[in-house]
Amino acid sequence: MKQLIFLFFFMSLAGLTSAQYYKNNTVAGTPPTLGNWSDAYNTQSATLVPAKAPYSAIVDVNGNIYFSDDQGLIKKVDKATGAITRVAGGGTFSGTLANGQLATNTLLVAIRQLAFDANGDIVFAEQTSNAGFGFLRKLNLTTNRLETVIGGGSDPFGTLSNTVKLNSVYGVAVNTFTNNIYFSEHGAHVVRVYNPTTGSVTVVAGVVNDLEGYNISQENVTATTIKLDTPKGLAIDALGNIYVADDGQDNIRKIDTNGLITKIAGNALSGYSASDEGNLANNAQLQDPFGVAVDKYGNVFIPDKGNSLIRKIDTQGKIWTIAGLVQNGAITS
């Protein structure tokens, strides 16, 4: 359990230098202790404050860490001091009423993946207590106010940000060259893109409200013609390729800049095999890969949740376990 809590932490730090990949240092929380947040913790050392199921973490250009947790909060760990503060959630304004409010006055529910946009603000996915509903939000770090990017619409097939209804939004990734925001809806089984200039929302992978198991005919075809199954974490590399953790199919997909989709990891069999280590990721077993990250060198990282492992796909397409315990081919807790 302790390893799982910090899986997404590690994944979101994938922009660090390669020498830092294999360091496993606690920067927030008091494992294995869980605990609810209190504002009495504000400005205390982050390693003395209990955390509760962190989901996603990102690091800004100054080394400050922002992370979401299972209490509907976003917290900041200051690089210089190591102090932790609550920067969003924990207030009273929720749903559509949260728009424009000070972020610490808003009541957020289930915050999933975080990402920085081109301006250095935080874009994140929020699932709400209403089944099949959600918001794409932005935390403006200059004004400390929350902005609703998408949410509150009623049309699951909508093509404008003020009309589309989100269904269990989860993953978020921003192309910092165009500032377009990509997001996954694991309830609708699609990945969409929001264009902030035009306000348009377009499906880039999957078919709305339809799912299907993987088959070889889905290789190297237009991503909007195939069906995903519960897509979750997203990432974008330096060339603009999009990576999708297709959780329900236990694989990782790549959408290139021409809109063609291919599988880069997973063999449709849920589990783990020691013989996969150092061999092609496309032939390897994964189990509940709920996230994905890519570094500046093109290495891809996967929190293999069901196996309690972190896996790396190198630039030759080979897979390696780089965190978690595997002994004699068996996974240990």
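Calculation rules
Residues numbered from 1 in each chain as written. Predicted model: local features only at pLDDT ≥ 70, side-chain atom pairs only at ≥ 80, totals over all residues. Heavy atoms only, no water. Helix = DSSP H or I, 4+ residues; strand = E, 2+ residues; numbered from the N terminus. Contact = heavy atoms within 4.5 Å. Areas by Shrake-Rupley, 256 points an atom, 1.4 Å probe, with all protein chains shown as cover. Pairing = 2+ DSSP bridges. Axes fitted to C-alpha atoms, helices over the stretch in contact; angles between N-to-C directions. Phe/Tyr/Trp six-rings, centres within 6.5 Å; stacked < 30°, edge-to-face > 60°. Buried < 20%, exposed > 50% of the residue type's maximum accessible area, 1.4 Å probe, protein only. Lys NZ or Arg CZ within 6 Å of the ring centre and 35° of its normal. pLDDT = per-residue confidence, 0-100. Lys, Arg positive; Asp, Glu negative; His and termini not counted. Salt bridge = Lys/Arg side-chain N within 4 Å of Asp/Glu carboxyl O. Polar contact = N/O pair within 3.5 Å; in protein donor to acceptor, adjacent residues only side chain to side chain.

A. Broad picture of the overall build of the chain. Regarding its fold elements, the chain presents 2 helices and 23 strands. For the chain, contacts bridging at least 24 residues in sequence account for 41% of all contacts bridging at least 6. As displayed, the chain has an accessible area near 14100 Å², and 50% of this comes from carbon and sulfur atoms.

B. Summary view of the sheet that holds strand β2 (residues 65-68). Across the sheet, 4 strands lie side by side as β1-β2-β3-β4; this open sheet has antiparallel pairing. Looking at the sheet topology across the chains shown, the edges are occupied by β1 (56-59) and β4 (84-88). The average angle at which neighbouring strand axes cross in this sheet is 25 degrees, direction not considered. Where strand β3 (residues 74-77) lies against β4, 4 bridges are found, and the strand directions are antiparallel. Note that in β4 the partner of Ile 74 across the bridge is Ala 88.

C. The packing of aromatic side chains, seen in detail. Overall, the coordinates contain 1 aromatic pair when judged by the stated rule. Measuring from ring centre to ring centre gives 6.1 Å for Tyr 66 and Phe 116, while their planes differ by 85 degrees; the resulting arrangement is edge-to-face. On the criterion of sequence distance, the pair formed by Tyr 66 in strand β2 and Phe 116 in strand β5 (residues 110-116) is long-range, its members being 50 residues apart. With respect to class, Tyr 66 is no different from Phe 116; both count as buried. In this structure, Arg 137 packs its charged tip against the face of Phe 135, placed 4.0 Å from the ring centre.

D. Up close: the sheet that holds strand β21 (residues 319-323). One open sheet accounts for 4 strands, arranged β18-β19-β20-β21; its pairing is antiparallel. At either end of the open sheet lies a strand with only one pairing partner, and these are β18 (293-294) and β21.

E. Looking closely at the confidence of the model for the chain. Mean pLDDT over the chain: 85, with 85% of residues reaching 70 or higher. pLDDT under 50 marks residues 1-22. Its contacts with residues more than four places away, or in other chains, come to 50 contacts.

F. Seen up close, the side chain of Asp 276. Summarising the element assignment, Asp 276 is placed in the loop between β17 (260-265) and β18. Buried within the structure, Asp 276 lacks any salt-bridge partner; Arg 311 is the closest side chain of opposite charge, at an N-O distance of 4.9 Å. When residues no more than four places from it in sequence are discounted, the contact partners of Asp 276 are Asn 283, Ala 284, Gln 285, Arg 311 and Ile 319.

G. Main features of the side chain of Asn 140. Structurally, Asn 140 can be placed in strand β7 (residues 134-140). Assessed through its relative accessible area of 14%, Asn 140 is described here as buried. A distance of 3.1 Å separates the side chain of Asn 140 from the backbone nitrogen of Thr 143, its partner in a polar contact.

H. Representation of the pattern of salt bridges. Scanning the model with the defined rule gives 9 salt bridges in all. The shortest N-O distance in the salt bridge between Asp 117 and Lys 138 comes to 3.3 Å. Within this pair, whereas Asp 117 is found in the loop between β5 and β6 (122-127), its partner Lys 138 is found in strand β7, the two being separated by 21 residues in sequence. Each member of the pair, Asp 117 together with Lys 138, is buried. Here Arg 137 and Glu 126 are joined by a salt bridge, their closest N and O atoms 2.9 Å apart. Of the two residues, Arg 137 is situated in strand β7 and Glu 126 in strand β6; the sequence distance between them amounts to 11 residues.

I. Region of the structure containing the pairing of strand β14 (residues 231-236). Among the 6 residues that make up β14, 6 are buried, leaving the element largely enclosed by the rest of the structure. With 4 bridges joining them, β14 and strand β15 (residues 242-246) adopt antiparallel strand pairing. In the sheet register, Pro 231 faces β15, and the bridge partner there is Asp 246. Counting the residues that bridge the hairpin from β14 to β15 gives 5 residues, and of these Gly 240 lies at a positive phi of roughly 95 degrees.

J. Geometry of the pairing of β15. Taking burial as the measure, the 5 residues of β15 include 5 buried ones, the bulk of the element. Here β15 shows no split at all, with Ile 242, Val 244 and Asp 246 on one side and Tyr 243 and Ala 245 on the other all buried. Inspection of the sheet shows β15 paired to strand β16 (residues 251-255) by 5 bridges, in the antiparallel sense. In the sheet register, Ala 245 faces β16, and the bridge partner there is Ile 252.

K. Expanded view of the environment of Thr 224. Position of Thr 224 among the secondary structure elements: in the loop between β13 (221-222) and β14. Accessibility expressed as a relative area gives 35% for Thr 224, which makes it partly exposed. Those residues in contact with Thr 224 that sit more than four places away from it in its chain are Val 203, Val 204, Ala 205, Gly 206 and Val 207.

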